[in-house]
Amino acid sequence: MAKIQIRKKLLNVESIYHEGGPPRAEPVRQGTIAVVFQNPYAGRYVEDLSGLVRDARELANELVPELLQAMGGAERIQAYGKGAIVGLNGELEHGAIWHEAGGWAMRAMLPTAKSIVPAAKVVASAGTRLQIPLHHIEACYVRSHFSTVDVGIIDGPRPDELLYALVVSDGSRVHERLGGLRADQISVGDGQR
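Since the structure is predicted, the reported quantities are computational estimates derived from the model, not experimental observations.

Calculation notes
- Residues numbered from 1 in each chain as written.
- Predicted model: local features only at pLDDT ≥ 70, side-chain atom pairs only at ≥ 80, totals over all residues.
- Heavy atoms only, no water.
- 1 Å grid on protein atoms, 1.4 Å probe; cavity = no way out; pocket = protein on both sides within 12 Å on 5 of 7 lines; lining within 4 Å.
- Points joined across faces, edges and corners; volume = space filled by probe spheres on them.
- Helix = DSSP H or I, 4+ residues; strand = E, 2+ residues; numbered from the N terminus.
- Expected span 1.5 Å × (residues − 1).
- Buried < 20%, exposed > 50% of the residue type's maximum accessible area, 1.4 Å probe, protein only.
- Contact = heavy atoms within 4.5 Å.
- Core = buried A, V, L, I, M, F, W, Y, C linked by side-chain atoms within 4.5 Å.

Visitor: Hey, could you go over empty space enclosed by the protein for me, with residue numbers and the actual values?
Guide: Over the atoms, a rolled probe matching the size of one water molecule traces out where space is still vacant. Under the defined criterion, the tally for this structure stands at 1 cavity of 30 Å³ or more. Taken as a whole, the largest cavity holds about 40 Å³ of empty space. Surrounding the largest cavity, K82, G83, A84, G95, W98, H99, A119, A120 and K121 form its lining. Residue assignment for the lining of the largest cavity shows that the elements contributing at least two residues are β3 (79–86), α2 (92–109) and β4 (119–123).

This is the structure we're talking about:
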């Protein structure tokens, strides 16, 4: 990973027991892993981004197993997402590199994953919090798993840095009850229904 020199790595698992309704016996757990590193393209336009694309793939292949282990294993994961915050001297395209790298790595390491990995990205200052969308790993129209996970750090990304993040959940929203396609009704197998 010649183009990626990590300054910080964040790994977090949050347990949600309730949101005002009846407490659950077993919480819904949401995990995040993020890295902050120097943006090799900050402050200048570079036509060929393939160097960082290649290194981002390698980075994702290292981060996904660490995140899955923190969550208790791949078999527990029901929802996922990815996101990027680009420091102010970068461009949105530098965050878009993470779409392919983060998405393919997550899908490759989750045996039942068929759904696209939803994403959010922004060019912003240090301390920005990014709401990364989640949806079901097998079918993106499973409404019970539509949610977001908040990711960010107070001192990054600095203007010449990038923050790449992956997020997962081992369940639906803690008090989901709005109907729609249920996880046990997935039948088409196309990643949508």
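From this point, the narrative continues.
Visitor: Describe helix α1 (residues 50–70), with residues and values.
Guide: Given a rise of 1.5 Å per residue, 21 residues ought to cover 30 Å, and the 30 Å separating the end C-alpha atoms of α1 matches this to within 8%. Restricting attention to buried positions, one finds in α1 the residues G51, L52, D55, A56, L59, A60, L63, V64, L67 and L68. Against β1 (6–16), β2 (28–38), α2 and β7 (161–169) lie the buried residues of α1.

Visitor: Now, about the nonpolar core: what can you tell me, with residues and values included?
Guide: Grouped together as the largest cluster of nonpolar side chains are 33 residues, with contacts concentrated most on F37, L52, L59, Y80, W98, Y164 and L166. Of all the secondary structure elements, the ones that give two or more residues to this core are β2, α1, β3, α2 and β7. Looking at this core, the element that brings in the most residues is α1, giving 8 residues. Once residues within four sequence positions are removed from consideration, L52 is found in contact with K3, I4, F37, P40, Y41, I97, L162 and Y164. Ranked by size, the runner-up nonpolar core spans 15 residues in total, among them V36, A124, L134 and V167.

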